[in-house]
Amino acid sequence: MKLLLSFSRKGQHDPGREPVIARVVKETGVLINVEKANIDSMAGEVLIDVPDRDADLVRRRLEEMGVVVGVMEDAVALDEAECVDCGACISICPQGVFSFDDEWRLRVSAERCVLCGKCIRACPHGALSQQG
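Residues numbered from 1 in each chain as written. Predicted model: local features only at pLDDT ≥ 70, side-chain atom pairs only at ≥ 80, totals over all residues. Heavy atoms only, no water.

Visitor: I keep staring at helix H2 (residues 55-64) and nothing clicks. Help me out?
Guide: Every α-helix carries 3.6 residues per turn, so stepping three or four residues along brings you back to the same face. What H2 keeps buried is the set Ala55, Val58 and Leu62. All buried residues of H2 fall inside an arc of 70° around its axis, so they share one side. Packed against the buried residues of H2 are strand S1 (2-8), helix H1 (20-28), strand S3 (43-49) and strand S4 (68-72). Gly66 sits one or two residues past H2 and shows a positive phi near 95°. (Buried < 20%, exposed > 50% of the residue type's maximum accessible area, 1.4 Å probe, protein only. Helix = DSSP H or I, 4+ residues; strand = E, 2+ residues; numbered from the N terminus. Arc of directions from axis to C-beta. Contact = heavy atoms within 4.5 Å.)

Visitor: Hey, could you run me through the confidence of the model for the protein chain in this one?
Guide: Detailed reading of the predicted coordinates is not advisable wherever pLDDT is low. Per-chain confidence: the protein chain averages 88 in pLDDT, with 92% of residues scoring 70 or above. Looking at the elements of the protein chain, mean pLDDT is at its lowest for strand S5 (residues 76-78), recorded as 87, and at its highest for strand S6 (residues 98-100), recorded as 95. (pLDDT = per-residue confidence, 0-100.)

Visitor: Looking at this structure, how should I read unusual backbone geometry?
Guide: Most of the time, phi is negative for any residue but glycine, and the peptide bond is trans. Positive phi, close to 60°, is recorded for Trp104, a residue that is not glycine. With respect to the secondary-structure elements, Trp104 resides in the loop between S6 and strand S7 (106-108). For Trp104, a relative accessible area of 61% puts it in the exposed group. The backbone of Leu115 sits at a positive phi, close to 60°, despite the residue not being glycine.

Here it is in structure tokens:
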């Protein structure tokens, strides 16, 4: 399951200065895959992938440490009414989220998405949007 972690480096309890992911891995024994991280001097956002069976445990522990956790069920959404099945998203996606089915209709494997946004910018019809 993909979890989107957000934190701020403001205030007394500052998860942005603590190794929260490393601490959760050490305490729970759950291996966490960091798929994307955007961190600056004031805030951060990290997309992690956690085994489904351990997601609640990891989420609870991170929240106890002051991290805001969002569950990314469908990271990218396709508006089929707007999609013209052109394939622009297929060629730009570094994760292989998009493919054509046997009838040349666009299919989305949202679980592979790392929220890079390249597909959204590339879509000529605005048929893709980011969820969460």
